[in-house]
Structures are given as structure tokens and as C-alpha cells.
Amino acid sequence: QQQVKQSPQSLIVQKGGISIINCAYENTAFDYFPWYQQFPGKGPALLIAIRPDVSEKKEGRFTISFNKSAKQFSLHIMDSQPGDSATYFCAASRGSSNYKLTFGKGTLLTVNP
Amino acid sequence: GAGVSQSPSNKVTEKGKDVELRCDPISGHTALYWYRQSLGQGLEFLIYFQGNSAPDKSGLPSDRFSAERTGGSVSTLTIQRTQQEDSAVYLCASSLGGAGRRVNYGYTFGSGTRLTVV
């Protein structure tokens, strides 16, 4: 059973455009939702994270939008740049076992110059 | 070191052989995790160590997989009698916190070990 569903699988955006990646979760006990960015040959790196007590969190060009009632959250990358081309993973964890992250399957983002 | 170090970076082994993968976490990080990344499958949790507590082994896919962490630092993931389906990138991560810590305990991942079983 896949607890975190991520879409799309791949995304191509022009430089300067907005990249949007969506995730949906099933477990209402999840209370921590990070996004990771992974470049080829490297491990994932934490990009931004949100808890369900807020609906939006912004860090620079990256914004997480969170909809608790719909059990969905999304990553928006504004003014996308070729250097943003990478694989993005959403993840979730819960309560007392919040050390164990459940990851989505990833989105390969390509930003064309 | 400044980051999480994993070795080897690549490993090719014959089916049926045993392999050991090593992880050096960031100094001072009490929590250590192993994940497996298969093509198109995201990251799959394998095992978690927190300080001197008993590890959470709930993600290990079979009894051919085992891991230990010596002295609260270096960890070794061992796969016995490797199978072709074990081929994947094995990622280690560490963090300052673990269960019960209400802090931003984002993982720091190593670059992984790419295991190929032929």
C-alpha cells in the first residue's frame, strides 16, 4: 500500500516558469511533510518542510501548500531555473515514529533554458 | 567529516555472495537511517538506529539483511546471499534527533552505494 502518492512522474518546464509537484497521503496521523531534492549521483537533500498547523510555507522560490482536509500538499517552484533540474521527493512521517519517513516515488523535473 | 560518508560508492557482486556497505554519519548525530532506492520506486525505509536504543528493523525486506552500529557512530549494512532483486542504491542518512524530538530533524543523506548483483 503506497501511503504517499506523488505526481507527475516527470515534468518539463521552461526557464522562468512555475513547476508544480503534487502529493497525496492516506494516513491522517502524518504530521511532518518534507520535500527533498536529488541530483544525479547524490543523496537527497532536504529542501523545505511543513507541519499541518500551517497552510503554506515559503522559502525563497520554493513554496509548500498544504491542504489538510484534502490530505494533499504540493511544491511550487517559482521562476524555475535550469539548475533546479533534479528529482524531487515528497515525504511524510507521523507522531511518535516521526523518524521514519515515507517517500513518494519522485518527480523528475527538467527546466529547459 | 562535514557530511555523511558511504563506502564503497559502487559495488558489483555475484549472486549468492555477501556484501557489506559502510556508513559514517555526521559527528554528533544520534540517529542513523538506511534506505533503499530502486529505480522508479522512491526510497524504501530499511532500518533506524537511535542512540543506545534497540534499532527499528521493521523495514528490512528479509532475514538476509542485517545492520549494526558500533559505538553509536559507524554503521554497516550486510546483505547475505545477494539476489538480483537486491540491486539498488543503498542510502544512509543521519540526523540530530529521532523519535519524540519535536525539532526540524531533517535528514542528511550520503551519496549512497550503488549495488549491482550479476
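Read on for an overview of the structure. (Residues numbered from 1 in each chain as written. Chains lettered and ligands numbered in written order. Predicted model: local features only at pLDDT ≥ 70, side-chain atom pairs only at ≥ 80, totals over all residues. Heavy atoms only, no water.)

Quick notes on the overall build of chain B
Logical step 1: Across its full length, chain B carries zero helices and ten strands.
Logical step 2: Listing each helix as α and each strand as β along chain B from the N terminus yields β-β-β-β-β-β-β-β-β-β.
Logical step 3: Its C-alpha atoms give chain B a radius of gyration of 14 Å, within 12% of the compact-globule value 13 Å for 118 residues.
Logical step 4: When the backbone C-alpha atoms are referred to their principal axes, chain B occupies close to 40 × 30 × 25 Å. (Helix = DSSP H or I, 4+ residues; strand = E, 2+ residues; numbered from the N terminus. Rg over C-alpha atoms; globule rule 2.2 N^0.38 Å.)

Focus: the environment of Leu96 of chain B
Logical step 1: Along the polypeptide, Leu96 of chain B turns up in the loop between β8 (88-95) and β9 (108-109).
Logical step 2: By relative accessible area, Leu96 of chain B is classed as exposed at 53%. (Buried < 20%, exposed > 50% of the residue type's maximum accessible area, 1.4 Å probe, protein only.)

Quick notes on the nonpolar core
All names here are of chain A.
Logical step 1: By size, the foremost hydrophobic cluster in this structure holds 24 residues, and its most contacted members are Phe33, Trp35, Phe73, Leu75 and Tyr88.
Logical step 2: Taken together, the elements giving at least two residues each to this core come down to β2 (10-14), β3 (19-25), β4 (30-38), β5 (45-50), β7 (62-67), β8 (72-77), β9 (86-94) and β11 (107-112).
Logical step 3: Broken down by element, the residue count for this core peaks at four residues, all from β9.
Logical step 4: Sequence-distant contacts of Leu75, that is, excluding residues within four places in its chain, are made with Ser19, Ile20, Ile21, Trp35, Leu47, Ile48, Phe62, Thr63 and Tyr88. (Core = buried A, V, L, I, M, F, W, Y, C linked by side-chain atoms within 4.5 Å. Contact = heavy atoms within 4.5 Å.)

Examining the state of the cysteines
All names here are of chain B.
Logical step 1: Applying the stated rule across the entire model yields two disulfides over all chains.
Logical step 2: There is a disulfide in this structure between Cys23 and Cys92, and the S-S distance comes to 1.9 Å. On the S-S bond that ties Cys23 to Cys92, the torsion sits near -65 degrees, and the link is left-handed. With a gap of 69 residues between them, Cys23 in strand β3 (residues 19-24) and Cys92 in strand β8 connect regions that are remote in the sequence.
Logical step 3: Cys23 gets classed as buried once you look at its relative accessible area, which sits at 0%.
Logical step 4: Judged by relative accessible area, Cys92 falls into the buried class, the value being 0%. (Disulfide = S-S within 2.5 Å.)

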